[in-house]
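Below, each chain spelled out in residue letters.
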Amino acid sequence: MAAPKILVIPGSLRTGSLNAKLAAAIAHELVAAGVEVTRISLADFPLPIYDGDLQAKSGVPKHAVNLKRMMGSHQGVLIVTPEYNSSVPALVKNTIDWISRVQDGQETRGQVFRDRAFAIAAASGGRLGGTRALSALRLILTACHATVVPNQLALSFAEEAYDDKDRLKHQGDIDALGAMVRQLIEFSQRLM
Ligand SMILES: Cc1cc2nc3c(=O)[nH]c(=O)nc-3n(C[C@H](O)[C@H](O)[C@H](O)COP(=O)(O)O)c2cc1C
């Protein structure tokens, strides 16, 4: 079966982001599995906070439309989110909110979420590894009718999780990453 294209989205803009680092590590595994990967930064898709008046006046911002179209050109999407106050950061939620308002051509609004597979991961310096942000993100994506693969990766104590070559060093993390990557590829291929 042909390899799917997968879009990798880190949910942090911060220099030295733990989630951007984890996104890079997962992208590396996807490429090793033969997948065509596009890894972006949300810094290239700046969006105002969602405001219905703004949408009514000016439509959905072009960065949201462009990001939605980029998602649409991939069969799978991986979102790697920080955990802020036990949930997803505003950046991640706001991006999803805008994309869910895009209606391109004959599509229904938010259709891009329905037609592809999603995987979710999180990295945190704490013991829970962003587990609560993952629960919140799964709920949000499911509300958008996305297929979210069951396996996920919550990377705890993320500053100490890598070896000197920036590879994950704990077997539990390696196994969780591998299981999630395999499922994302499998679910994405079903949608090709
Ligand atoms: C506003 C705010 C709230 C946070 N809340 C949590 C939290 O609930 N759970 C957690 O594990 N870490 C929390 N953190 C710590 C982040 O996980 C940590 O800053 C992490 O490095 C952010 O991701 P990044 O490195 O990818 O930017 C919080 C950080 C900020 C700035």
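Since the model is a prediction, treat every value here as computed from it, not as a measurement.

Asks: Help me out: how do you make sense of the overall build of the protein in this one?
Replies: A count of helical and extended segments in the protein gives 7 helices and 6 strands. N-terminal to C-terminal, the α/β element order of the protein is β-α-β-α-α-β-α-α-β-α-β-β-α. Taken over C-alpha atoms, the radius of gyration comes to 16 Å for the protein, in line with the 16 Å a tight globule of 192 residues would show. Summarising its shape, the C-alpha atoms of the protein cover approximately 50 × 40 × 25 Å along the three principal directions. Across the 192 residues of the protein, 48% fall into the buried class.

Asks: Hey, could you run me through the site of the ligand in this one?
Replies: The immediate surroundings of the ligand are formed by Ser-12, Arg-14, Ser-17, Leu-18, Asn-19, Pro-82, Glu-83, Tyr-84, Asn-85, Ser-86, Ser-124 and Arg-132. Between the ligand and Arg-14 there is a distance of 2.7 Å, counted from an oxygen atom to a side-chain nitrogen or oxygen. At 2.8 Å, a backbone N or O of Leu-18 approaches an oxygen atom of the ligand. Taking 610 Å² as the accessible area of the ligand by itself, protein coverage stands at 68%. Here the residues of the shell around the ligand are counted per class, giving 3 nonpolar, 6 polar and 3 charged.

Asks: Teacher, can you tell me more about unusual backbone geometry here?
Replies: Note: most peptide bonds trans; most residues except glycine with negative phi. Despite not being glycine, Asn-85 shows a phi value in the positive range, around 45°. In this structure Asn-85 comes out as exposed when scored by relative accessible area, which is 79%. Even without being a glycine, Ser-86 presents a positive backbone phi close to 70°.

Asks: What's the story with the nonpolar core in this structure? I'm lost.
Replies: A general trend in soluble globular proteins is that nonpolar side chains are found buried together. Ranked by size, the top nonpolar core spans 29 residues in total, and within it Leu-22, Ile-26, Leu-30, Leu-78 and Leu-155 carry the most contacts. With 7 residues, helix 1 (residues 18-32) is the single largest residue contributor to this core. Not counting the four nearest positions on each side in its chain, Leu-30 is found in contact with Ile-6, Val-8, Val-35, Val-37, Val-181 and Ile-185.

Asks: Help me out: how do you make sense of the pairing of strand 1 (residues 5-10) in this one?
Replies: On any regular strand, side chains alternate: one points to one face of the sheet, the next to the other face. Taken across its 6 residues, strand 1 has 5 buried, putting it largely inside the fold. Where strand 1 and strand 2 (residues 36-39) come together, 4 bridges link them in parallel fashion. Across the sheet, the residue bridging to Lys-5 is Glu-36, located in strand 2. What joins strand 1 to strand 2 is helix 1, and the crossover it makes is right-handed. Relative to strand 3 (residues 76-81), strand 1 is paired through 5 bridges, and the arrangement is parallel. What sits directly across from Pro-10, in strand 3, is Val-80.

Asks: Which parts of the structure should I look at to understand the packing of helix 1 against helix 7 (residues 171-190)?
Replies: When two helices pack together, their arrangement is given by the angle between the helix axes and by the axis-to-axis distance. Between helix 1 and helix 7, the shortest axis-to-axis distance is 10 Å and the interhelical angle comes to 55°. With respect to helix 7, the axis of helix 1 lies oblique. In this structure, the crossing between helix 1 and helix 7 has a hand that is right-handed. Contact residues: Ile-26, Glu-29 and Leu-30 in helix 1; Leu-177, Met-180, Val-181 and Ile-185 in helix 7. Taken together, the residues of the contact of helix 1 with helix 7 break down into 6 nonpolar, no polar and 1 charged.

Criteria and cut-off values
Residues numbered from 1 in each chain as written. Predicted model: local features only at pLDDT ≥ 70, side-chain atom pairs only at ≥ 80, totals over all residues. Heavy atoms only, no water. Helix = DSSP H or I, 4+ residues; strand = E, 2+ residues; numbered from the N terminus. Rg over C-alpha atoms; globule rule 2.2 N^0.38 Å. Buried < 20%, exposed > 50% of the residue type's maximum accessible area, 1.4 Å probe, protein only. Near = heavy atom within 4 Å. Polar contact = N/O pair within 3.5 Å; in protein donor to acceptor, adjacent residues only side chain to side chain. Areas by Shrake-Rupley, 256 points an atom, 1.4 Å probe, with all protein chains shown as cover. Nonpolar A, V, L, I, M, F, W, Y, C, P; charged D, E, K, R; others polar. Core = buried A, V, L, I, M, F, W, Y, C linked by side-chain atoms within 4.5 Å. Contact = heavy atoms within 4.5 Å. Pairing = 2+ DSSP bridges. Right-handed = clockwise from strand over helix to strand, strands pointing away. Axes fitted to C-alpha atoms, helices over the stretch in contact; angles between N-to-C directions. Parallel < 35°, antiparallel > 145°, perpendicular 65-115°, else oblique. Left-handed = near helix turned anticlockwise from the far one by under 90°.

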